[in-house]
Amino acid sequence: VTSPCKILKCNSEFWAATSGSHHLGTEEAPEFCTALRAYAHCTRRTARTCRGDLAYHSAVHGIDDLMVQHNCSKDGPTSQPRLRTLPPGDSQERSDSPEICHYEKSFHKHSAAPNYTHCGLFGDPHLRTFTDTFQTCKVQGAWPLIDNNYLNVQVTNTPVLPGSTATATSKLTIIFKSFQECVDQKVYQAEMDELPAAFADGSKNGGDKNGANSLKITEKVSGQHIEIQAKYIGTTIVVRQVGRYLTFAVRMPEEVVNAVEDRDSQGLYLCLRGCPLNQQIDFQTIRSAQATEGRARRKGPSLPAPPEAFTYETATAKCREKLPVEDLYFQSCVFDLLTTGDVNFMLAAYYAFEDVKMLHSNKDKLHLYERTRDLAPGNMAPSGTPPALWVALLCLSQCWLGLL
């Protein structure tokens, strides 16, 4: 039986965060105090379920002792990326910001480079998660796309046509949280027909702190394409307006992706966990429904017709103009043209793939081909299992039940 007391999780997170630095003094490793505060915060969160647990009480007393030994304040930041310091005398070029405000330069040239991940949202809407899972979702209304210790991204999706289940992103809000001496809290907001090249307060960088330039907005195409560089967390964000709707793409280190206060109770965070099962759309089901609706429309009025009618053949030909490889981006394009009749959704899929080529760190994973609808917990098929094999196994199981 799994214990509700999560003290072992707190212990492992603390030792992982301080590996290689816990033997140093505070003046040599200031991140130790930050990790210690995070450790204390973790124990407080699990206190109610750990009454009487000796490991818990031992950890609490140990934290107090370490706070005193290292002269750590109980107030202050509780988490940050484990930035690696450059050795004395290193000749690597410095920026005009404090080193802690440049995530990538904190990695020495002989050290292993950080692992980057990508998430994107585009079209009707289609989601590519940080783990390269590809889903088509409904998610009407406001949903959290990213929510970690450093930034929060929320999207609002609205129906493309009255009475239609097709939705697209009409509003985007990004909150960059204040971070040490690098940046002040900044908010970026975009809506349909309004893609600003500045934060909500009119600024284009991280504010008045020494490392303000480690957060910058650059306008690539006026009213259509902006890029936000958050160098202090090694993150690049691309926002576009294609037609009337918005697309989102991000490149982020795994360490920042997973920097959440309590991942076990994190809740919805679409880029990390994907869309809830009841919000996912199955391509095959929709395609069948479209065929049924087409027959019904010929007999009489039903749902409002899209502004331009595409057949499967004309949608396929149109998408092939921009997306010659028949991967999931191509299939998403076809799906969106059939669902909305709006040719701008073809461009949204095209630009989404262009952003993947720029932001994804593994060039062998640019194209995705396997589209699966997540199964309910406990019914998950092992990844990589051929669909035909599962069909055969299902048939065999039904036959066996029949014999019984």
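Definitions and cut-offs
Chains are numbered independently. Their residues run from 1 in the order of the written sequence. A pLDDT threshold of at least 70 governs which residues receive local features in this predicted model, and a stricter bar of 80 or more applies before side-chain atom pairs are shown or counted, although totals over entire chains, interfaces and linings include all residues. Side-chain measures were taken over the full set of non-hydrogen atoms in the model, leaving aside hydrogen atoms and water. At least two bridges found by DSSP between two strands are what make those strands a pair. Put simply, DSSP marks the helices as runs of H or I at least four residues long and the strands as runs of E at least two long, and each gets a number from the N terminus on. Axis definition: a line fit to C-alpha positions, over the contact stretch in the case of helices; interaxial angles, taken between N-to-C directions, run 0 to 180 degrees. Between two residues, a contact is recorded if the distance between any of their heavy atoms is within 4.5 Å. Only buried residues count toward a nonpolar core. Its members are Ala, Val, Leu, Ile, Met, Phe, Trp, Tyr and Cys residues joined through side-chain atoms within 4.5 Å. Burial classes: relative accessible area under 20% of the type maximum marks a residue as buried, over 50% as exposed, and values in between as partly exposed (1.4 Å probe, protein chains only).

The chain appears in an unreviewed UniProt entry as RGMA protein from Pampusana beccarii.

Peer 1: Outline the sheet that holds strand 9 (residues 225–230), listing residues and values.
Peer 2: Read across the sheet, seven strands follow the order 3-2-1-11-10-9-8 without closing on themselves; strand pairing throughout is antiparallel. For this open sheet the edge positions go to strand 3 (134–136) and strand 8 (215–221), each flanked by a neighbour on one side alone. Ignoring strand direction, the axes of neighbouring strands in this sheet form an average angle of 10 degrees. Pairing of strand 9 with strand 10 (residues 235–242) involves six bridges; the strand directions are antiparallel. Directly across from I228, in strand 10, lies its bridge partner I237. Helix 9 (residues 344–359) rests against strand 1 (116–122), strand 2 (126–128), strand 9, strand 10 and strand 11 (245–253) of the sheet, and its axis sits at about 165 degrees to strand 10.

Peer 1: Would you mind going over the nonpolar core in detail, with residue names and values included?
Peer 2: Within the largest apolar cluster, 46 residues are counted, with the highest numbers of intra-cluster contacts made by I146, L151, I174, F176, Y232 and F248. Every residue in contact with I146, bar those within four places of it in the chain, is listed here: F130, L151, N152, V153, F248, V250, M252, Y269 and C271. Membership of the second largest hydrophobic core comes to 20 residues, among which are A315, L328, V356 and L368.

Peer 1: Lay out the pairing of strand 5 (residues 151–159) in plain terms, naming residues and giving numbers.
Peer 2: Relative to strand 5, strand 4 (residues 141–147) runs antiparallel, the two sharing six bridges. Bridging across to strand 5, G141 finds its partner in N157. Connecting strand 4 to the next strand, strand 5, in antiparallel fashion are three residues. Bridging between strand 5 and strand 6 (residues 167–176) involves nine bridges; their strand directions are antiparallel. Across the sheet, the residue bridging to T158 is A168, located in strand 6.

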